[in-house]
Amino acid sequence: MDVLTLLGQLLNTTLVFSTALIFASLGGIFSERSGVVNIGLEGLMMFGAFAAAVGGYYAQEAGMGELAPWVGVLSAMAVGIIGSLIHAVASITFKADQTISGTVINFLAAGSTLYMVKLLFEGSGETPLLDGFSKFAIPGLSKIPIIGEGIFNSYPTTYLAIVLVIIVYLVLFKTPFGLRLRAVGEHPSAADTLGVNVNRMRYIGVMMSGMLAGIGGATITLTTTGTFAHNTISGQGFIAIAAMIFGKWNPLGAFGAAVFFGFSQAIRNYVQLFEWSKNIPQEFIYMIPYVLTIIVLVSTVGRSSAPKALGQAYDPSKR
C-alpha cells in the first residue's frame, strides 16, 4: 500500500469515527447554549443506536431495501427526542439538578435498551445484523489524491454531518432564533424581560440535542457495527461532550475537536498494522482515544467559557 492511499484511508476512517461525535456534540451545543447541562448525551446516543437498529431491521424485513437505513435514522431521531424530553421535564419544569437528570438518562438508556433487545429478539444480547448505509463516491471529486478517497468517498451521514455543522453555525449566530437561544443561556432574566419564553427555548434546545444525539447513535449502528449491543456506544457520548467543551460551544470548534477525537480512534486501528505494535498490549492501544480525551479536558480547564447561566434553573419570580 503506497503512502497516498494509506493517508486517504486514514482520513476516511477518521471521518467515519468523527461523524457520530459531530452529531452528538452539535446536539450538546443546542442544549447547553440554552442553559441546560446535558451529560445524558451518552444515553441519548444509546437510545438512537437502539432505535436505528430496530427500525432499520424491521424496515429491511418489510422489503424497503435502501430506504431501510433512513427509517432507522428517523426512528433514532424520534426516540432521541422522547428520551431528551425526560431530561427537559425534570430539569426545566421541575427544576431538578441537571447533572443528576442527565446521569439518570444514561442509566435508563443502558438498562432499557438492553431489556428491549432481549424482549424483541428472544433473549439475544444484540439486534440481528442489518444492511446499513453504503459509501457514496462523488463523481470527479473522489479521484483527487488523498482527499478524494478521504472525504468524497464517504457515507451519506458523513456528508450530512459536515453540511449540518455549517447550518447549525448559521442558525446559532445569524438568525433571531439563535440569538434567543443563546440569550436564555447567558441572561435568561434579560431575555424574559424582552418577551422571550425562556422555558420554551430551553425545551427546544434539549429536544434538538436529543434528536441530533439520536442521529449520532444511529450513525454508529448503520455505518460501523451493523447491530446494537450494550457496548455499541462505549463512551462516545462523553467524548462528544469533550468535543463540545474543547470547541468552546461553537459548531466549528466542536467539528474540529470531533475530527481530532475521530483521528485518535482511527490511528488506534492503523497502529496495529505495524510490526512494532505487536509488543504493546492491545488494552493500551484501545485506551488511546480516552486518554486523549482526558488530556484535552484537563488542558481546557480555565480556558473554555461556558454560557453564564449553564446549569441554572430559571425562576421567573427572582428576575
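Nothing here was measured: the structure is a model prediction, and the numbers come from that model.

Draft legend 1. Quick look at a nonpolar patch on the surface. Judged by side-chain polarity, Tyr58, Tyr115, Met116, Leu119 and Leu120 come together as a nonpolar surface patch covering roughly 490 Å² of accessible area. Here Leu119 is to be found in helix α4 (residues 98-120). The class for Leu119 is exposed, based on a relative accessible area of 53%.

Draft legend 2. Looking closely at the environment of Thr225. One can find Thr225 in helix α9 (residues 198-225). Classification of Thr225 by relative accessible area gives partly exposed; the value is 32%. With 96 residues separating them along the chain, Thr225 and Leu129 place their C-alpha atoms 8.5 Å apart. The contacts of Thr225, once residues within four sequence positions are left out, are Leu129, Ile220 and Thr232. Of the polar contacts made by the side chain of Thr225, one reaches the backbone oxygen of Thr227; its length is 2.7 Å.

Draft legend 3. Expanded view of the UniProt feature "transmembrane region" (unreviewed entry) in the protein chain. UniProt's feature table lists "transmembrane region" (unreviewed entry) at residues 6-29, 36-58, 70-92, 104-121, 155-173, 203-225, 237-263 and 284-302, given in the numbering used throughout. In residues 36-58, the share of helix is 78% and the share of strand is 0%. The end C-alpha atoms are 35 Å apart. Along residues 155-173, the helical share is 95% and the strand share 0%, with 28 Å between the first and last C-alpha atoms.

Draft legend 4. Expanded view of the nonpolar core. Among the nonpolar cores identified, the biggest contains 62 residues, and Leu26, Met45, Leu212, Leu222, Phe228 and Phe261 are the most heavily contacted of them. Broken down by element, the residue count for this core peaks at 11 residues, all from helix α2 (residues 41-61). What Leu222 contacts, discounting residues up to four positions off in sequence, is Ala52, Pro69, Gly72, Val73, Leu130, Gly132 and Phe133. Within the second largest apolar cluster, 5 residues are counted, among which are Val36, Ala88, Ile92 and Val206.

Draft legend 5. Main features of the packing of aromatic side chains. Going through the model one piece at a time under the given rule, you end up with 7 aromatic pairs. Here Tyr58 and Phe121 contribute two aromatic rings whose centre-to-centre distance is 6.2 Å and whose plane-to-plane angle is 20°, an arrangement assigned as stacked. One end of the pair, Tyr58, is in helix α2; the other, Phe121, is in the loop between α4 and β1 (136-137), and 63 residues separate them in sequence. A relative accessible area of 42% means that Tyr58 is categorised as partly exposed. Under the relative-accessibility criterion, Phe121 is labelled buried at 11%. With a centroid separation of 5.1 Å and an interplanar angle of 40°, the aromatic rings of Tyr169 and Phe173 are classed as tilted. Taken together, the residues Tyr169 and Phe173, both in helix α6 (residues 156-174) and 4 residues apart, mark about one turn of the helix. A connected cluster of aromatic rings, assembled from ring pairs, spans Tyr57, Tyr58 and Phe121.

Draft legend 6. Geometry of α4. The end-to-end C-alpha separation of α4 is 32 Å, in line with the 33 Å expected for 23 residues at 1.5 Å each. If you check which residues of α4 are buried, you get Gln98, Ser101, Gly102, Ile105, Asn106, Ala109, Thr113 and Val117. Glu122 lies just past α4 and shows a positive phi near 55°.

Draft legend 7. View of the side chain of Arg202. With respect to the secondary-structure elements, Arg202 resides in helix α9. Here Arg202 occupies a buried position and makes no salt bridge, while the nearest side chain of opposite charge, Glu186, is found at 9.8 Å. Of the polar contacts made by the side chain of Arg202, one reaches the backbone oxygen of Val184; its length is 3.0 Å. In contact with Arg202, not counting residues within four places along its chain, are Ser34, Gly35, Val36, Ile92, Val184, Pro188, Ala309, Gln312, Ala313 and Tyr314.

Cut-offs and rules
Residues numbered from 1 in each chain as written. Predicted model: local features only at pLDDT ≥ 70, side-chain atom pairs only at ≥ 80, totals over all residues. Heavy atoms only, no water. Patch = residues over 30% accessible without salt bridge, like charges linked within 9 Å, V, L, I, M, F, W, Y side chains within 5 Å. Areas by Shrake-Rupley, 256 points an atom, 1.4 Å probe, with all protein chains shown as cover. Salt bridge = Lys/Arg side-chain N within 4 Å of Asp/Glu carboxyl O. Helix = DSSP H or I, 4+ residues; strand = E, 2+ residues; numbered from the N terminus. Buried < 20%, exposed > 50% of the residue type's maximum accessible area, 1.4 Å probe, protein only. Contact = heavy atoms within 4.5 Å. Polar contact = N/O pair within 3.5 Å; in protein donor to acceptor, adjacent residues only side chain to side chain. UniProt positions renumbered as here; feature names shortened; annotations may be inferred. Core = buried A, V, L, I, M, F, W, Y, C linked by side-chain atoms within 4.5 Å. Phe/Tyr/Trp six-rings, centres within 6.5 Å; stacked < 30°, edge-to-face > 60°. Expected span 1.5 Å × (residues − 1). Lys, Arg positive; Asp, Glu negative; His and termini not counted.

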